[in-house]
Amino acid sequence: MTGRVEGKVAFITGAARGQGRSHAVRLAQEGADIIAVDVCKQLDNVPFAMSTPEDLATTAELVKAEGRRVVTAEVDVRDYTALKAAVDSGVEQLGRLDVVVANAGIGNEGGQLSELDETLWQDMIDVNLGGVWKSVKAAIPHLVSGGRGGSVVLTSSVGGLKAYPNVGHYIAAKHGVVGLMRTFAVELGQHSIRVNSVHPTHVNTPMVMNEGTYKLFRPDLENPGPADLEPICRMFHILPVPWVESVDVSNAVLFLASDESRYVTGVPLPIDAGSMLK
C-alpha cells in the first residue's frame, strides 16, 4: 500500500533526528509534504548532545529524496510566537495543514520527587507538556479553517501510562500529555479532527542511547555501553527485545495520520513490546 497520506501536509516538531526525523520521512514516503521544526541547539540541563541545524537540514534532504516538499524552521517549542510563525509560514508555502505530530521532548537528570531540583522539574514540564500544548494550539486554526478534518498525534511514553521511580517529572509530563490528548479530542471532534497519542517504550535514539542512560541503568560498571544496557532493557518487555526502532513508532503515527484510522480518536496507543503488561 502506498500513498496513505497522499496530498496531505504534516507539521512535525522535534524533526531534526530520532523519532521526529523518522516520522517526517515515513509520512513523506506515503505522500505527505512536511513542515519540520526543531530547537537545533543544546538546552540547559539536558545531559546528552541535542540536535543541530545540520541535523534538521539532513531531515529536509531525506524528505526531498522521497519527492516531497519540506519547510524547516529552528524553533523552541516553549516559544508559542515562534511556533505560530513557523506553522503559518509552512502553511502559506505548502497550501494546507492536515496532520500535527507534537513529538519534541527532552530527558534530563532525575531523582526522587521529594528531592528533585525545581529547575529540572520546570524544564521538563515546559518542554514535554507545555511544548506539546503550544504546538497543537499553533496548528489548530489551520486545521479548523481547512474544513477537511485532520489528525493530531502527541508523543507520550509508556511513562505516560504507568510510573517509574526517580523520573517523576518525566512521568508527570507524559501523563499530562494524555490529558491534553483526551481534551483536545473532545474539543476538536466537532471539526472532524482526531487526536491520539503514541506511547513508546525505549527507542533506539540518542535520547536513550547515551552515556548518561548507560550509567543510570548500570551504575555497577565503570564505562557501560549499549551492550550493558541491553539486558536491563529487555527486562521491561514481554517480547524478547531491549528497545524498538524509530520506524516502529513512525508506522503507528502513519496509521493515526491516515484515513485508515478515520474513526479513531482519544486513544493512547502503546508501541511497547508488551511493557504495559508488566
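Definitions and limits used
- Residues numbered from 1 in each chain as written.
- Predicted model: local features only at pLDDT ≥ 70, side-chain atom pairs only at ≥ 80, totals over all residues.
- Heavy atoms only, no water.
- Buried < 20%, exposed > 50% of the residue type's maximum accessible area, 1.4 Å probe, protein only.
- Helix = DSSP H or I, 4+ residues; strand = E, 2+ residues; numbered from the N terminus.
- Pairing = 2+ DSSP bridges.
- Phe/Tyr/Trp six-rings, centres within 6.5 Å; stacked < 30°, edge-to-face > 60°.
- Contact = heavy atoms within 4.5 Å.

As a further point, take the pairing of strand 4 (residues 99–102). Consecutive side chains of a regular strand alternate in pointing toward one face of the sheet and then the other. In strand 4, alternate side chains face the same way, and those of Val 99 and Val 101 on one face and Val 100 and Ala 102 on the other are all buried. Pairing geometry for strand 1 (residues 9–13) and strand 4, over three bridges, is parallel. Across the sheet, the residue bridging to Ala 10 is Val 99, located in strand 4. Here four bridges tie strand 4 to strand 5 (residues 150–155), and the two strands are oriented parallel to one another. Within strand 5, the residue paired with Val 101 across the bridge is Val 153.

Bringing the packing of aromatic side chains into the picture now. The tally for this structure, following the rule as stated, stands at two aromatic pairs. Summarising the aromatic geometry, the rings of Tyr 164 and Phe 236 are spaced 5.8 Å apart at their centres and angled 55° between planes, so their arrangement reads as tilted. Here Tyr 164 is found in the loop between strand 5 and helix 5 (168–188), whereas its partner Phe 236 is found in the loop between helix 7 (226–234) and helix 8 (246–257), with 72 residues between them in sequence. Under the relative-accessibility criterion, Tyr 164 is labelled partly exposed at 24%. The interplanar angle of 70° and the centroid separation of 6.1 Å between the aromatic rings of Phe 217 and Phe 236 together place this pair among those described as edge-to-face.

Right, let's talk about the environment of Val 153 for a bit. If you trace the backbone, Val 153 turns up in strand 5. Here the alpha-carbon distance between Val 153 and Leu 116, two residues 37 residues apart in the chain, equals 30 Å. Every residue in contact with Val 153, bar those within four places of it in the chain, is listed here: Val 100, Val 101, Ala 102, Asn 196, Val 198, Val 253 and Leu 256.

Distances and angles like these do not, on their own, reveal function.
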